[in-house]
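Summary of the model geometry
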Amino acid sequence: MRRVVQCVLMVVAAMVVPCAQAQSAVPQQAVVRYHVGDKAAWASSSFSDSGWRVAPDGKWPAPAYYSSGFLWVRFQVPVRRDAAEPLAVLLENSGPAWFAGIVAEEVFVNGRLVGRSGRLPPDVRVNIPAVPSVFDIPVGLARPGTVAHIAVRIWYPPLARGRGAAMTVRCTFDQRRTLHAEQSLARTRALLRNLPGMMVNGFILLIGCMVLLLGRFSRSRELLLYGAMLAALPLISLFMEVVQARLMWLSVAEFYPLRELSQLPAMTVTVLFIWGIHHFRDVWLKRVALTAMCLFVIGQIVAYVPSHPTVIAGPAVLAAGIALRAFDLIVIGANLWVLFVVGRNRLVAFAMTLPAVGSLAAGWVHSGQEVFNLALFLSGLFLSFALALNAWKEWRAGEALRTEFEAAREVQQQLVAPPVDVPGFRIESVYVPAMHVGGDFFRVVPEGDGSVLIVVGDVSGKGLKAALTVSAVIGALRTMPALGPARVLAALNRGLVGQMQYGFATCLGARVAPNGCF
């Protein structure tokens, strides 16, 4: 109960506290100057940055791709006159894409280093996701009522360079406890924002694992394909949501390989699923799709994992983009063929089209990752519905089949009837097939001289096919006149020859006289 109350208070704080903090935060100075390059002298408060470029609206372009990646930003922030407690500065890098805030930086206040986020070259580490960084200012470094000179030394990894995007930084100069509370609140909001998606994708993943186990035990290829698809689809969204919820902190060199590995199962299973469910025979197109997938994954890793640009980074980015578009178009084309030409499994084909369409749309819209995540979620939802619909149809078909088997069992029980009482004999029998119907049979025929003819046999195989053969045998025995065991078996053999395909029947005939002799 205590934890529930704490969670409720966190949610309320996430909605109320930002308003109070917005009133107390000191706005950033309008004049922001920036310069590409790296010199230690630029941190000094006495350095004249008049020759630097002014960032209009506080925005500046990222460094060129083939550069050192360093950029300095300088501005001035007034210190509150009523600041009685120790101070801190909060910096939050941002831009048009979610990766724009992924930087390593050092912050200088009045020429003194107060903190760093990540590690700058040569020992590079840039954490993902980017979060607001709070740097405590030593007491006496920035006095209330004065103007603080802020210098930020920023290093952009290759993935954030040369995109023509306008970068900016939000600076808040306030009391330590206020800024640390805002930083903690930002993390709480990120968790709450991604928690519903994590729960839904986790549920779809659980369903996929359960279907996989069911397919494994039932040896159903279709269930195995459905289970693998449902288990693989949410992996990439779940990974991204965990990272964006700040439950996992990764460097760029760790993030990109893990991201590609998390979407590799979905891309692989997508191809196998489409070709398996739709029964496609075009192996060459399947190989092209798998090759495009491999090129995309390799290109992403080669382009974005290194801390410094390489000669092949540009071609790798281009190849990865072309390979991904080729993969998406193959997936869309295959499913559109099923939707409009083949005309079967249309719900499945529509569901499998969504991730590829979302992937294509992600490159053209601002909130591309959200569009792609939504497409993956809807695809998993429609696939789950299609699986449930197929299960319902199979259950209905199985129920009808069980009804037919029950009727066949009743007919067989009537055919293989218990023997009648014969004077001088005590005959007891039990006929219980292992399944609904069976391939065993017997017949007790009383003869005129008081003897009893007993015929016992077994038809190869099980189930309905064996039961039909039993029906033919019992029917022949019922219409057969009283003969000796050898003649009865010979007549049965003549009647069954050529009637049983890929099967046989074994039969034993015995005649028991009233005195017990055979």
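Anything mentioned here points back to the structure above.
Let me sum up the structure you'll find in this document.

1. Focus on the overall build of the protein chain
When helices and strands are counted, the protein chain shows 11 helices and 15 strands. Here the protein chain, with 518 residues, has 42% of them falling under the buried criterion. Of the contacts formed within the protein chain by residues at least 6 apart in sequence, a portion of 75% connects residues at least 24 apart. Surface accessibility of the protein chain: about 27,400 Å² in total, with carbon and sulfur atoms responsible for 63%.

2. Considerations on the sheet that holds strand β14 (residues 452-459)
Across the sheet, which stays open at both edges, the 3 strands sit in the order β13-β14-β15 with antiparallel pairing between neighbours. Of all the strands in the sheet, just β13 (440-446) and β15 (505-512) have a single pairing partner and so form its edges. Neighbouring strand axes in the sheet, compared pairwise and without regard to direction, differ in orientation by 10° on average. The pairing of β14 with β15 spans 8 bridges and is classified as antiparallel. Paired with valine 452 across the bridge in β15 is valine 512. Of the strands in this sheet, β14 and β15 are in contact with helix α11 (residues 485-496), which crosses β15 at around 155°.

3. Some details on helix α4 (residues 234-244)
The buried count for α4 comes to 10 of 11 residues, which makes it a mostly enclosed element. Among the residues making up α4, those that are buried are Pro234, Ile236, Ser237, Leu238, Phe239, Met240, Glu241, Val242, Val243 and Gln244. Directly beyond the C-terminal end of α4, a positive phi value near 65° is found at arginine 246.

4. Brief notes about the pattern of salt bridges
Per the counting criterion, the structure on display carries 8 salt bridges. Between aspartate 38 and arginine 153 there is a salt bridge, with its nearest N and O atoms 2.7 Å apart. Of this pair, aspartate 38 sits in the loop between β1 (33-36) and β2 (53-54) while arginine 153 sits in strand β10 (residues 147-155), placing them 115 residues apart in sequence.

5. Notes on the sheet that holds β10
Taken in spatial order, the 6 strands make up an open sheet running β2-β1-β4-β10-β6-β7, and their pairing is antiparallel. Each edge of the sheet is formed by a strand with only one pairing partner; in this case those strands are β2 and β7 (112-117).

6. Things to note about a nonpolar patch on the surface
A surface patch of nonpolar side chains, about 510 Å² in accessible area, is lined by Leu336, Trp337, Phe340, Val341 and Val342. Structurally, valine 341 can be placed in helix α7 (residues 313-342).

7. Some details on the side chain of arginine 153
Residue class for arginine 153 comes out buried when judged on its relative accessible area of 16%. There is a polar contact of 2.7 Å between the side chain of arginine 153 and the side chain of aspartate 38. With near-sequence residues (within four places) excluded, arginine 153 lies in contact with Asp38, Phe70, Leu71, Trp72, Ala104, Glu105, Glu106, Phe108 and Leu120.

8. Quick notes on helix α3 (residues 221-232)
Here α3 contains 12 residues, and its C-alpha end-to-end distance of 16 Å stays within 8% of the 16 Å for a straight helix at 1.5 Å per residue. Inspection of α3 places Leu223, Leu225, Tyr226, Gly227, Met229, Leu230, Ala231 and Ala232 among the buried residues, and these make up the whole buried set.

Criteria and cut-off values
Residues numbered from 1 in each chain as written. Predicted model: local features only at pLDDT ≥ 70, side-chain atom pairs only at ≥ 80, totals over all residues. Heavy atoms only, no water. Helix = DSSP H or I, 4+ residues; strand = E, 2+ residues; numbered from the N terminus. Buried < 20%, exposed > 50% of the residue type's maximum accessible area, 1.4 Å probe, protein only. Contact = heavy atoms within 4.5 Å. Areas by Shrake-Rupley, 256 points an atom, 1.4 Å probe, with all protein chains shown as cover. Pairing = 2+ DSSP bridges. Axes fitted to C-alpha atoms, helices over the stretch in contact; angles between N-to-C directions. Salt bridge = Lys/Arg side-chain N within 4 Å of Asp/Glu carboxyl O. Patch = residues over 30% accessible without salt bridge, like charges linked within 9 Å, V, L, I, M, F, W, Y side chains within 5 Å. Polar contact = N/O pair within 3.5 Å; in protein donor to acceptor, adjacent residues only side chain to side chain. Expected span 1.5 Å × (residues − 1).

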